[in-house]
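Structural description and commentary
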Number of protein chains: 2
Amino acid sequence: MPNSREMEGSGAMTFETRLRDNAASTEKLLAELLTGAVGDDEIARPANLLDAMRHGVLNGGKRLRPFLVIETARLLGGNEAAAQRVGAALECLHCYSLVHDDLPAMDDDDLRRGLPTVHRKFDEATAILAGDSLLTLAFDIIASPETPLTGDQKTALVLALARAAGIGGMAGGQALDLAAEKQAPDEQGIVTLQAMKTGALLRFACEAGAIIAGNDASHRQTLRRFGEKIGLAFQLADDLLDLTSDAATMGKATGKDAARGKGTLVALRGEDWARAKLQEQVRDAANLLAPYGDKAEILVEAARFIAERKS
Amino acid sequence: MPNSREMEGSGAMTFETRLRDNAASTEKLLAELLTGAVGDDEIARPANLLDAMRHGVLNGGKRLRPFLVIETARLLGGNEAAAQRVGAALECLHCYSLVHDDLPAMDDDDLRRGLPTVHRKFDEATAILAGDSLLTLAFDIIASPETPLTGDQKTALVLALARAAGIGGMAGGQALDLAAEKQAPDEQGIVTLQAMKTGALLRFACEAGAIIAGNDASHRQTLRRFGEKIGLAFQLADDLLDLTSDAATMGKATGKDAARGKGTLVALRGEDWARAKLQEQVRDAANLLAPYGDKAEILVEAARFIAERKS
């Protein structure tokens, strides 16, 4: 019987292999969704706009959000093809938010994963439209006849995704983030901002698996809470990375939040508190999935990965 | 029995009253959807972003697209509350497109219906996020439990709206419109551009009524074709107005398309051709609805209104 260190090692290896495999599937699907082939009810796909969308999406990301959709669906026996497509939809939506956040009027970033941002490679108008089109495509992919789910499941996914992404979720969080540059929020303000800006989509990613696997209320609630823990862990890890890493590792400008005087929980409570809080989220996340036994190990590994990631 | 002139007169009066009544219902519903009340699964609604969304939407427009959703649904006996909500969703999406089109990187307009555009009254970042949030809200409203339709109907609406609004529809049309500033498109290019930029949403508005009323394929196809005729009429009327009217009547800058050298069918084929083509669309639209008899008169009046509107 292997000792616990070996088990951790093999778990981590399994996780990283699985993350890479899932990312490859997602990348392939995204490339298929973003060809020049004109779909039913579409009139044309202008080449320049399509290129900008592809640049914003097909960039070799870790595809963490699709991973969470796919693995939570697998945990509960959801349809694999449906989970792949919902994962790709979520990634389109995530990438739209990056394209818009990078705009000169927002965070004004020139680089994303070491490459020029969409508005730098194309132009501002094209970046705005590429983001708009990716956001729209996310709902298209979910509702498409090619996604093997019932109308009720698709409706639940559309609703949950819209709530996670709109004024009450991610877009609202970005608005709070911009406001935070002018006036630093208090601790509750930071928690709300982060839960909206990054937490909501991660929560959706996990909840989506339960919707795909039949939309049982109890599973959905558990995975939703798991997603919330992961979301907080993600943000704490991000803030800690922002504090310590450099642009070469991150492939984007770092230390910017601190430089702009935006509050983070790390800045407010200190690094030790943040590291302890981070470990607490991972423990809580693991405990939430304990009833699912070994099958859930890959998701627990994902929580650890999120907490310990170096970029 | 009244003569035909009197019938036309009373038809027009009925139409204008109905347009006003429907617009009032839509306005009321939009105001209810855009309060500070935090919905299920929303975390918070940041006040500044909400104000910007309200400024972009609650501006006393004619609400032509909701009118078409509501009246096509009525024609076929669709659920009234559902039609009102889908109409409001479509209006949110239409208004998102106006907010983004007005941005400095796009058409750079300072005025919209005689008021400052969203980026002028707020700022660019807020206008981008307000547009993003309105687009997202459109799908939220359709999928919401408060919209009394089946999961399959909601899915059909989400899919049709996404296709009408995304790269293969409205957003793609805006990309072609920006490209047309640099190189004037040929006649087929103009037709494609206009079918995407303005036609697709008007087509969706009419098709939506059929989906709401049970999604019968034959009705849906007829109303879709009616919507296409209306879309072309709308664009021809717009181009003719752009040629002849002044900023005071339109409440926005006019003559801009011509000044920028963008091709229009009016510029290419002349005013007489365009007026004849416009009347042809109205006749075709009326013929398509002839099988529905008197019940369809309000929609035929709508086609005439679109062709003859002065602003």
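You'll find chain A entered in an unreviewed UniProt entry as Polyprenyl synthetase family protein, with Agrobacterium cavarae given as the organism. Per its UniProt entry, chain A bears the Sequence similarities (unreviewed entry) comment "Belongs to the FPP/GGPP synthase family." Database annotation for chain A, UniProt heading Cofactor (unreviewed entry): "Mg(2+)".

With 195 residues, the main nonpolar core has A:Leu93 and B:Leu93 as its most contacted residues. Other than its neighbours up to four places away in sequence, A:Leu93 contacts A:Leu134, A:Leu135, A:Ala138, A:Phe139, A:Leu161, A:Ala165, A:Met170 and A:Leu201.

Right, let's get into the packing of aromatic side chains. All names here are of chain A. What the rule picks out here adds up to 5 aromatic pairs over all chains. Their ring planes at 45° and their centres at 5.0 Å tell us that Phe15 and Phe305 sit as a pair that is tilted. Of the two residues, Phe15 sits in helix α1 (residues 4–33) while Phe305 sits in helix α15 (residues 297–308), which places them 290 residues apart along the sequence. When its relative accessible area of 2% is taken as the criterion, Phe15 is described as buried.

With that settled, the discussion passes to the pattern of salt bridges. One pass over the structure, following the stated rule, counts 44 salt bridges over all chains. For the salt bridge of A:Arg304 with A:Glu297, the shortest nitrogen-to-oxygen distance reads 3.5 Å. We classify A:Glu297 as partly exposed; its relative accessible area is 36%. In this structure, the salt-bridge partner of B:Arg63 is B:Glu91, at a minimum N-O distance of 2.8 Å.

Let's shift gears to the packing of helix α3 (residues 64–75) of chain B against helix α9 (residues 187–212) of chain B. Residue and element names in this part refer to chain B. At a closest axis distance of 7 Å, the pairing of α3 and α9 adopts a crossing angle of 30°. Relative to α9, the element α3 lies roughly parallel. Considering how the two elements wind past one another, α3 and α9 form a crossing that is right-handed. Facing Arg65, Leu68, Val69, Thr72 and Ala73 of α3, the residues of α9 in contact are Leu201, Leu202, Ala205, Cys206, Ala208, Gly209 and Ile212. The residue makeup of the contact of α3 with α9, split by class, is 9 nonpolar, 2 polar and 1 charged.

The interface is formed by 55 residues belonging to chain B together with 55 residues belonging to chain A. The salt bridge partner of A:Arg163 is B:Asp140, with a shortest N-O separation of 2.8 Å. Scanning the region where chain B abuts chain A turns up 17 residue pairs in polar contact (both at pLDDT 80 or more). In terms of residues, the side of chain B that touches chain A owes the most to one element, helix α6 (residues 124–143) of chain B, which gives 11 residues.

With 28 residues, helix α10 (residues 217–244) of chain B should cover 40 Å at 1.5 Å per step; its first-to-last C-alpha distance of 41 Å lies within 8% of that length. Between the side-chain oxygen of the N-cap and the backbone nitrogen of B:Ser218 there are 3.1 Å, and the N-cap of α10(B) in question is B:Asp216.

Parameters and conventions
Residues numbered from 1 in each chain as written. Chains lettered and ligands numbered in written order. Predicted model: local features only at pLDDT ≥ 70, side-chain atom pairs only at ≥ 80, totals over all residues. Heavy atoms only, no water. UniProt positions renumbered as here; feature names shortened; annotations may be inferred. Core = buried A, V, L, I, M, F, W, Y, C linked by side-chain atoms within 4.5 Å. Buried < 20%, exposed > 50% of the residue type's maximum accessible area, 1.4 Å probe, protein only. Contact = heavy atoms within 4.5 Å. Phe/Tyr/Trp six-rings, centres within 6.5 Å; stacked < 30°, edge-to-face > 60°. Helix = DSSP H or I, 4+ residues; strand = E, 2+ residues; numbered from the N terminus. Salt bridge = Lys/Arg side-chain N within 4 Å of Asp/Glu carboxyl O. Axes fitted to C-alpha atoms, helices over the stretch in contact; angles between N-to-C directions. Parallel < 35°, antiparallel > 145°, perpendicular 65-115°, else oblique. Left-handed = near helix turned anticlockwise from the far one by under 90°. Nonpolar A, V, L, I, M, F, W, Y, C, P; charged D, E, K, R; others polar. Polar contact = N/O pair within 3.5 Å; in protein donor to acceptor, adjacent residues only side chain to side chain. Expected span 1.5 Å × (residues − 1).

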